[in-house]
Amino acid sequence: MAIDSVAVNIDSSKIENLKQESDLDDEPKDGKYSQIIKDKDVSAEVFYTIQDGRVDYYKLKVYQGKEVQNLKAFSDWGFRNVEELDFKFEDVNFDGTKDLTISKEVGINWFISNVWINKKGKFIQEKKFEKIYNPIFDVKKKK
C-alpha cells in the first residue's frame, strides 16, 4: 500500500503573527460597557469603561422589584481586562442577606474587595473590607 504525502513548508513566524492578530480581534474596544448579575430577587449592573487597555468601573445600580438604588462606585485598581473583575452577591456579614462585592485579581488567588452591605434592602458601602486580601466568606462557620 502506497501513501502519498505532501511536504508543506510553514514559516512559524507567520503563524505567530496570525495568532497575535486573532488575539487582538478578541480584545474589547475602548468605550463604555455594563455587566448584569442576578440573584433571587435582586440584580445589579456595574458600569465600566475600557480605555487604552485599562478597565475601571464608575457606577453601580441595584434593582429590587421596581426599586432602583444608584451606588457610588469608583475603581482606582486599574484592571487590565474584564476577566479580573469579580462581581457577585454573597453574605459577607453572615446576617442571612446577600451583600454586593466587587473584587480584583491582584496575583494568583489574591483579591481586594469593595463591599456594599445589604441593610434592609439598601446597600451601604463598607470600607473595612478594602484592606482584606483574598477574603473567603464561610457562611456555615460565620468567619
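The coordinates are above.
Described in the following lines is the structure provided in the data block.

How each quantity is defined
- Residues numbered from 1 in each chain as written.
- Predicted model: local features only at pLDDT ≥ 70, side-chain atom pairs only at ≥ 80, totals over all residues.
- Heavy atoms only, no water.
- Helix = DSSP H or I, 4+ residues; strand = E, 2+ residues; numbered from the N terminus.
- Contact = heavy atoms within 4.5 Å.
- Phe/Tyr/Trp six-rings, centres within 6.5 Å; stacked < 30°, edge-to-face > 60°.
- Buried < 20%, exposed > 50% of the residue type's maximum accessible area, 1.4 Å probe, protein only.
- Lys NZ or Arg CZ within 6 Å of the ring centre and 35° of its normal.
- Pairing = 2+ DSSP bridges.
- Axes fitted to C-alpha atoms, helices over the stretch in contact; angles between N-to-C directions.

This paragraph deals with the side chain of S43. Structurally, S43 is set in strand β2 (residues 43-51). Apart from the residues lying within four places of it in its own chain, the contact partners of S43 are I37, K38, K61, V62, Y63 and F89.

Inspection of the entire model under this criterion finds three aromatic pairs. Here the aromatic rings of F47 and Y58 are separated by 6.4 Å at their centres, their planes lie at 50°, and the arrangement is tilted. In this pair, F47 is assigned in strand β2 and Y58 in strand β3 (residues 54-64), connecting sequence segments 11 residues apart. Classification of Y58 as partly exposed rests on a relative accessible area of 32%. Relative to F123, the ring of F89 lies with its centre 6.3 Å away and its plane at 55°, an arrangement referred to as tilted. One end of the pair, F89, is in strand β5 (residues 85-90); the other, F123, is in strand β8 (residues 122-126), and 34 residues separate them in sequence. When sorted by exposure, F89 lands in the same class as F123, which is buried. Here the guanidinium or amino end of K59 rests over the ring plane of F47, the centre of that ring lying 4.5 Å away.

On to the pairing of β2. Among the nine residues in β2, seven count as buried, and that is most of the element. Pairing geometry for strand β1 (residues 31-38) and β2, over eight bridges, is antiparallel. Bridging from a neighbouring strand, Q35 pairs with V46 of β2. The hairpin turn running from β1 into β2, its antiparallel successor, is four residues long. Where β2 lies against β3, nine bridges are found, and the strand directions are antiparallel.

A few words now on the sheet that holds β1. The sheet built from four strands is open, its strands ordered β1-β2-β3-β4 with antiparallel pairing. Either end of the sheet is taken by a strand with one partner, and the two such strands are β1 and β4 (67-72). With strand direction ignored, the average angle separating the axes of adjacent strands in the sheet is 25°.

Geometry only, nothing functional implied.
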